[in-house]
Structures are given as structure tokens and as C-alpha cells.
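Fold and geometry: a report
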Amino acid sequence: MELTTFNALAEPSRFRIVNLLQKGPLTVGEIAERLDIRQPQASKHLKVLLDAGLVEVRADANRRNYMLRSEPFQELDRWLDNYRSIWNERFDNLDDYLEKLQSDMKKRE
């Protein structure tokens, strides 16, 4: 898992841009307007996301549309998968423990 992915997503404005781009491609101006930031700020954040490989840009006449790349998010999902199995096991153990507690309490009644 690339550390640059986490560094890029750690900044709140970039995280919000990624959330916006989940709905589809947007221009810098559209992103700036929706996040209520200036266009140079949006461009700066998009450059970081682009350098981290999280977004790509496509020219359409005189517009530059930014969109998410799926590969880094698939890699992030695979990385998280290791932790999901640990979490699931721990939640299962907690469920078993709580059921045992409830059973013990019913026996005391």
C-alpha cells in the first residue's frame, strides 16, 4: 500500500474532492464551487491527488475533467481486507462473549 495514498487523502479538502468525484468527473471550477474554495486551491489539491495516482484528467475541448482512478482504491480495499478478517474475528468473539453473559444472567434469574 502506497503511503502517498494516505498522505493525499489525509487532507480534508482532498478527501472531500475524492467524495465529490465518486459521483462522476468534474472540472476544477465545478469542484471549487461545490467545496466553496478558490479555483487555485482546488487546482493545488487536484495536483496532489494526480501525483498520488488517485485521479486522472481528460481534456474535453478547453475543459479538463478530473475523475477517480479505480486501481488505487482497489489496492486500498485489498489492504483493508487484511484488517477486516481481524475485526470480524474480534466481533465474533465479542458476540460469543455477550451471548454467554446473557445466558449466565438468565440462569441466575
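What counts and how
- Residues numbered from 1 in each chain as written.
- Predicted model: local features only at pLDDT ≥ 70, side-chain atom pairs only at ≥ 80, totals over all residues.
- Heavy atoms only, no water.
- Buried < 20%, exposed > 50% of the residue type's maximum accessible area, 1.4 Å probe, protein only.
- Helix = DSSP H or I, 4+ residues; strand = E, 2+ residues; numbered from the N terminus.
- Arc of directions from axis to C-beta.
- Contact = heavy atoms within 4.5 Å.
- Phe/Tyr/Trp six-rings, centres within 6.5 Å; stacked < 30°, edge-to-face > 60°.
- Domains from an automatic or database assignment.
- Buried area = accessible area lost by both parts, 1.4 Å probe.
- Salt bridge = Lys/Arg side-chain N within 4 Å of Asp/Glu carboxyl O.
- Polar contact = N/O pair within 3.5 Å; in protein donor to acceptor, adjacent residues only side chain to side chain.
- Nonpolar A, V, L, I, M, F, W, Y, C, P; charged D, E, K, R; others polar.

1. Focus on helix 1 (residues 3–10)
Listed as buried for helix 1 are Thr5, Ala8 and Leu9. Axial view of helix 1: buried residues confined to an arc of 90 degrees, hence all on one face. More than 90 degrees from the buried face of helix 1, the exposed residues found are Leu3 and Ala10. Buried residues along helix 1 sit in contact with helix 2 (12–21), helix 4 (39–51) and helix 5 (70–108).

2. Description of the packing of aromatic side chains
As enumerated under the stated definition, the model contains three aromatic pairs in all. Plain terms: the ring middles of phenylalanine 6 and tryptophan 79 are 5.2 Å apart, the flat faces sit at 65 degrees to each other, and that makes the pair edge-to-face. Of this pair, phenylalanine 6 sits in helix 1 while tryptophan 79 sits in helix 5, placing them 73 residues apart in sequence. Since its relative accessible area comes to 30%, tryptophan 79 is described here as partly exposed. Between the aromatic rings of tyrosine 83 and tryptophan 87, the centroid separation amounts to 6.4 Å while the plane-to-plane angle is 35 degrees, which identifies the pairing as tilted. With a gap of four residues between them, tyrosine 83 and tryptophan 87 both fall in helix 5, about one helical turn apart.

3. Focus on unusual backbone geometry
Of note in the backbone geometry, aspartate 36 takes a positive phi value of approximately 55 degrees without being a glycine. Counting through the fold element by element, aspartate 36 comes out in the loop between helix 3 (28–35) and helix 4. Backbone geometry at alanine 61 places phi at a positive 60 degrees, although glycine is not the residue there. Summarising the element assignment, alanine 61 is placed in the loop between strand 2 (55–60) and strand 3 (63–68). Given a relative accessible area of 78%, alanine 61 falls into the exposed group.

4. Section: the domain arrangement of the protein
Splitting the protein by domain gives domain 1 (3–68) and domain 2 (70–108). The straight-line distance from the C-alpha centre of domain 1 to that of domain 2 is 34 Å. Opposite the six residues of domain 1 that make contact, domain 2 presents five residues. Contact between domain 1 and domain 2 buries roughly 470 Å² in total, counting both sides, with carbon and sulfur atoms accounting for 85%. Of all residues in domain 1, Phe6, Leu54 and Leu68 bury the most surface against domain 2, accounting for 61% of the area lost on that side. Counting every contact that joins domain 1 to domain 2 gives zero salt bridges. If you look at where domain 1 meets domain 2, you find zero residue pairs in polar contact (both at pLDDT 80 or more). Residue classes in the side of domain 1 that touches domain 2 are distributed as five nonpolar, one polar and no charged.

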